[in-house]
There are 2 protein chains.
Amino acid sequence: MRDGQGGWPLDDRGAAYGDGLFETVLLRDGSPLLWDEHLARLVRGCHALGIPMPAERELAAPLAEAGPGLVVLKLILTRGSGGRGYRPPASPEPRLRWQLATFVPAENRWREGVRVRHCRLRLGIQPALAGLKHLNRLENVLARSEWDDEGVAEGLLCDSDGRLVEATAMNLFWQRDGRLETPRLDRCGVAGTLREALRERLSIAEVEAGPEALIAAEAVWLGNSVQGIWPVVRLDDADGVERQRWSLAPLHRGFQAEAHRLLGYPLPDPT
Amino acid sequence: MRDGQGGWPLDDRGAAYGDGLFETVLLRDGSPLLWDEHLARLVRGCHALGIPMPAERELAAPLAEAGPGLVVLKLILTRGSGGRGYRPPASPEPRLRWQLATFVPAENRWREGVRVRHCRLRLGIQPALAGLKHLNRLENVLARSEWDDEGVAEGLLCDSDGRLVEATAMNLFWQRDGRLETPRLDRCGVAGTLREALRERLSIAEVEAGPEALIAAEAVWLGNSVQGIWPVVRLDDADGVERQRWSLAPLHRGFQAEAHRLLGYPLPDPT
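From a predicted model like this one, the values you see are computed outputs, not experimental measurements.

**Observations regarding the overall build of chain A**
Summing up its helical and strand segments, chain A has eight helices and 14 strands in all. Against the compact-globule benchmark of 18 Å for 271 residues, chain A has a radius of gyration of 19 Å, which places it among compact chains. Each principal axis of the C-alpha atoms in chain A carries an extent, and together these give about 55 × 45 × 35 Å. Counted over contacts in chain A with a minimum sequence separation of 6, partners at least 24 positions apart contribute 72%.

**So, the interface of chain A and chain B**
On the chain B side, the residues contacting the 52 residues of chain A number 52 residues. Of all residues in chain A, the largest losses of buried area upon contact with chain B belong to A:Leu10, A:Tyr86 and A:Leu138, amounting jointly to 23% of the total for that side. Taken together, the connections running from chain A to chain B amount to two salt bridges. For the interface between chain A and chain B, the tally reads 15 residue pairs in polar contact (both at pLDDT 80 or more). Secondary structure elements with two or more residues in the side of chain A that touches chain B: α1 (13-17), β2 (20-28), α2 (35-49), β5 (95-102), β6 (114-123) and α5 (138-144) of chain A.

**With respect to the state of the cysteines**
Counted by the stated rule, this structure contains zero disulfides over all chains. Looking at the unpaired A:Cys119, the closest cysteine sulfur is the one in A:Cys158, lying at 9.2 Å.

**Here's the deal with the relation of the copies chain A and chain B**
After a rotation of 180 degrees and a shift along the axis of 0.0 Å, chain A superposes on chain B with an RMSD of 0.0 Å. Considering both components of the superposition, the chain copies are consistent with a two-fold axis. For chain A, the minimum C-alpha distance to the rotation axis belongs to A:Ala15 and amounts to 2.0 Å. When the interface residues of chain A are mapped onto chain B, 100% of them again fall at the interface, so both copies present the same face.

**Topic: the domain arrangement of chain A**
Residue and element names in this part refer to chain A. The domains assigned to chain A are domain 1 (2-102) and domain 2 (107-263). Taking the mean C-alpha position of each, domain 1 and domain 2 sit 25 Å from one another. On the side of domain 2, 22 residues touch domain 1, which itself brings 23 residues to the contact. Summed over both partners, the interface of domain 1 with domain 2 comes to about 1,700 Å²; 67% of that surface belongs to carbon and sulfur atoms. Among the residues domain 1 hides against domain 2, the three largest losses belong to Phe22, Leu34 and Arg41. Together they make up 36% of the total.

**Some thoughts on α2(A)**
Between the first and last C-alpha of α2(A) there are 21 Å, a value that for 15 residues agrees with the 21 Å anticipated at 1.5 Å per step. For α2(A), the set of buried residues is A:Trp35, A:Glu37, A:His38, A:Leu39, A:Arg41, A:Leu42, A:Gly45, A:Cys46 and A:Leu49. Here the buried face of α2(A) lies against β2, β3 (31-32), α3 (56-60), β4 (70-78) and α6 (193-201) of chain A together with α5 (138-144) of chain B. Phi for A:Gly50, located one or two positions after α2(A), is positive at around 75 degrees.

**Thoughts on the side chain of A:Glu37**
Residue and element names in this part refer to chain A. Looking at where Glu37 falls in the secondary structure, it is placed in helix α2. Lacking a salt bridge, the buried Glu37 has Arg201 as its closest oppositely charged neighbour, with an N-O distance of 4.3 Å. The residues touching Glu37, leaving out its near neighbours within four places in the chain, are Thr193, Glu196, Ala197, Glu200 and Arg201.

**Points about the packing of aromatic side chains**
Applying the stated criterion to the full structure yields 10 aromatic pairs over all chains. With a centroid separation of 6.5 Å and an interplanar angle of 65 degrees, the aromatic rings of A:Phe22 and B:Tyr17 are classed as edge-to-face. Of this pair, A:Phe22 sits in strand β2 while B:Tyr17 is found in helix α1 (residues 13-17), placing the two residues in two different chains. The burial state of A:Phe22 is the same as that of B:Tyr17; both residues are buried.

**Here's the deal with the pairing of strand β6 (residues 114-123) of chain B**
Residues and elements named next belong to chain B. Within β6, seven of the 10 residues are buried, which leaves it mostly tucked inside the rest of the structure. The pairing of β6 with strand β13 (residues 228-236) spans four bridges and is classified as parallel. When the sheet's bridge partners are listed, Arg117 is paired in β13 with Asp236. The pairing of β6 with strand β7 (residues 152-159) spans six bridges and is parallel. From the neighbouring strand, Leu123 faces β7, where its bridge partner is Asp159.

**Section: the packing of helix α6 (residues 193-201) of chain B against helix α8 (residues 250-263) of chain B**
Residues and elements named next belong to chain B. Orientation of α6 relative to α8, taken along the N-to-C sense of each, is 115 degrees, at an axis distance of 10 Å. Our classification of the angle between α6 and α8 gives roughly perpendicular. In this structure, α6 meets α8 at a crossing whose hand is right-handed. Between α6 and α8, the contacting residues are Leu194, Ala197, Leu198 and Arg201 on the first element and Phe255, Glu258, Ala259, Leu262 and Leu263 on the second. Residues that form the contact of α6 with α8 fall into these classes: seven nonpolar, no polar and two charged.

**Considerations on the pairing of strand β4 (residues 70-78) of chain B**
Residue and element names in this part refer to chain B. A large share of β4 lies buried, amounting to nine of its nine residues. Burial of the side chains of β4 extends over both faces: Leu70, Val72, Lys74, Ile76 and Thr78 are buried on one face and Val71, Leu73, Leu75 and Leu77 on the other. Here strand β2 (residues 20-28) pairs with β4 via nine bridges, running antiparallel. Pairing of Gly20 across the sheet is with Thr78, part of β4.

**Some thoughts on the pattern of salt bridges**
Working definition: two side chains of opposite charge can pair if their charged atoms are close together. All names here are of chain B. Tallied over the full model, the rule gives 52 salt bridges over all chains. The partner of Arg115 in a salt bridge is Asp236, with the nearest N and O atoms 2.8 Å apart. Here the residue Arg115 occupies a position in strand β6, and Asp236 occupies one in strand β13, the gap between them amounting to 121 residues. Its relative accessible area of 23% is what places Arg115 among the partly exposed residues.

Each value, and the rule that gives it
Residues numbered from 1 in each chain as written. Chains lettered and ligands numbered in written order. Predicted model: local features only at pLDDT ≥ 70, side-chain atom pairs only at ≥ 80, totals over all residues. Heavy atoms only, no water. Helix = DSSP H or I, 4+ residues; strand = E, 2+ residues; numbered from the N terminus. Rg over C-alpha atoms; globule rule 2.2 N^0.38 Å. Contact = heavy atoms within 4.5 Å. Buried area = accessible area lost by both parts, 1.4 Å probe. Salt bridge = Lys/Arg side-chain N within 4 Å of Asp/Glu carboxyl O. Polar contact = N/O pair within 3.5 Å; in protein donor to acceptor, adjacent residues only side chain to side chain. Disulfide = S-S within 2.5 Å. Least-squares fit on C-alpha atoms with pLDDT ≥ 70 in both. Domains from an automatic or database assignment. Expected span 1.5 Å × (residues − 1). Buried < 20%, exposed > 50% of the residue type's maximum accessible area, 1.4 Å probe, protein only. Lys, Arg positive; Asp, Glu negative; His and termini not counted. Phe/Tyr/Trp six-rings, centres within 6.5 Å; stacked < 30°, edge-to-face > 60°. Pairing = 2+ DSSP bridges. Axes fitted to C-alpha atoms, helices over the stretch in contact; angles between N-to-C directions. Parallel < 35°, antiparallel > 145°, perpendicular 65-115°, else oblique. Left-handed = near helix turned anticlockwise from the far one by under 90°. Nonpolar A, V, L, I, M, F, W, Y, C, P; charged D, E, K, R; others polar.

Right under this line is the structure:
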């Protein structure tokens with residue numbers, strides 16, 4: 001793990017209130033994947049929070065430090081110091097920090113698919129923050145704390161009205177009646193960059209749906225811009241009781257192939 | 001401003017995810033006010049988040065540094081470093097930091113009351129975090145960004161179902177038909193320590209109510225453990241248009257007196 005410019009001052013608003021944003025970017029040999037999508041989401045976040053967007057040159061500075069192979073760059077941008085309590089300073093001076101860490105993708109999850117479970121925690125509905133990768137992530141932390149079975153790769157989250165949203169750190173996709181679908185993210189959740197890129201290239205309907213949509217689905221996937229696409233082969237309820245299974249089929253591989261092309265990942269051989 | 005032990009490492013989970021809690025404690029000549037209530041809330045927060053509660057000795061260490069007069073102690077407790085992404089480490093090593101700042105209360109607000117407005121932002125409903133003073137405070141930051149008129153002291157927040165919850169940094173109280181009431185905080189909001197202490201001493205009903213409750217109220221107050229109690233003399237809507245006025249009356253002063261006794265604050269002379 002390497003990082004830039006040390007830690008956070010005690011009065012940084014990121015540390016005090018989670019008043020900031022982050023991006024987690026996959027680099028291959030120092031080149032960022034889905035960089036335009038990451039920048040676009042950061043622009044949206046800065047606009048929503050009223051934080052000045054740094055110059056792309058600043059954001060790209062750590063790329064030169066990454067070196068060869070697969071590396072994950074985490075960029076954290078906060079509103080900086082200052083303000084009076086929650087009230088932001090009139091002229092914020094944002095603070096940018098970064099970390100680089102070597103990355104090894106879970107190829108067995110690409111190949112064999114994953115088991116996931118429903119989380120008990122439901123995401124609060126907050127349109128003002130929906131879609132953004134902001135630093136208020138206690139819901140994700142609590143949801144991820146619900147299980148410690150290494151055989152369960154992810155947990156699915158519904159909002160407080162019971163609608164499917166995402167997994168704790170990945171977006172959710174499924175095919176139902178031959179149609180690709182993904183939950184709408186205008187009330188909560190993080191709009192992943194891989195999800196954005198796939199929506200530009202494939203016909204993926206953004207829908208409102210409860211967990212019953214998954215039971216009816218021909219295939220279910222989780223994905224993000226670092227891990228690629230994991231087919232879901234088993235879904236458990238929040239007590240760990242099996243609700244549904246899927247056999248890996250060619251239809252799983254087509255969607256995965258589209259995503260993995262964007263990330264330079266291989267399409268696993270059929271098992 | 002003085003602080004303890006420097007800032008936050010880059011990998012601290014407080015800075016990364018808002019994975020922690022804080023307390024803002026009023027000290028008079030080095031003695032904390034409502035200390036038991038602050039400790040009790042921190043215990044509840046630690047329990048809810050699964051963070052080990054520090055020894056009281058550690059939390060009290062900065063008291064010796066405070067010196068005379070009114071000082072605000074901010075304690076920030078995070079889950080520390082570690083874990084894999086959102087997943088918390090199995091054995092977290094919490095990190096405690098503190099700041100001390102001289103405090104001058106707004107005596108004119110005690111005396112003359114304040115003007116407040118409704119915020120547009122609505123709080124997301126999240127029972128798993130309700131009542132806690134955790135570090136995910138972007139909603140408060142966004143709400144406090146809705147106005148910059150110095151004549152408006154606070155903004156009132158409703159939840160996404162339209163029920164009154166609190167102000168951006170204070171709890172909300174009113175008297176209606178001779179009864180003291182305050183919003184329930186089991187779905188969102190911060191359960192202030194002054195509110196807790198007042199509920200132990202007075203009959204204050206926790207209610208579900210929309211903004212119409214304020215229009216019907218004989219008196220409205222805002223309060224917290226640092227500022228004391230501000231009577232509300234004018235309420236505006238989110239566009240700044242006046243909705244209601246209240247004249248300061250003896251009934252305002254009784255509630256204020258009870259709170260100010262707890263904080264060692266004077267009861268302002270009638271104007």
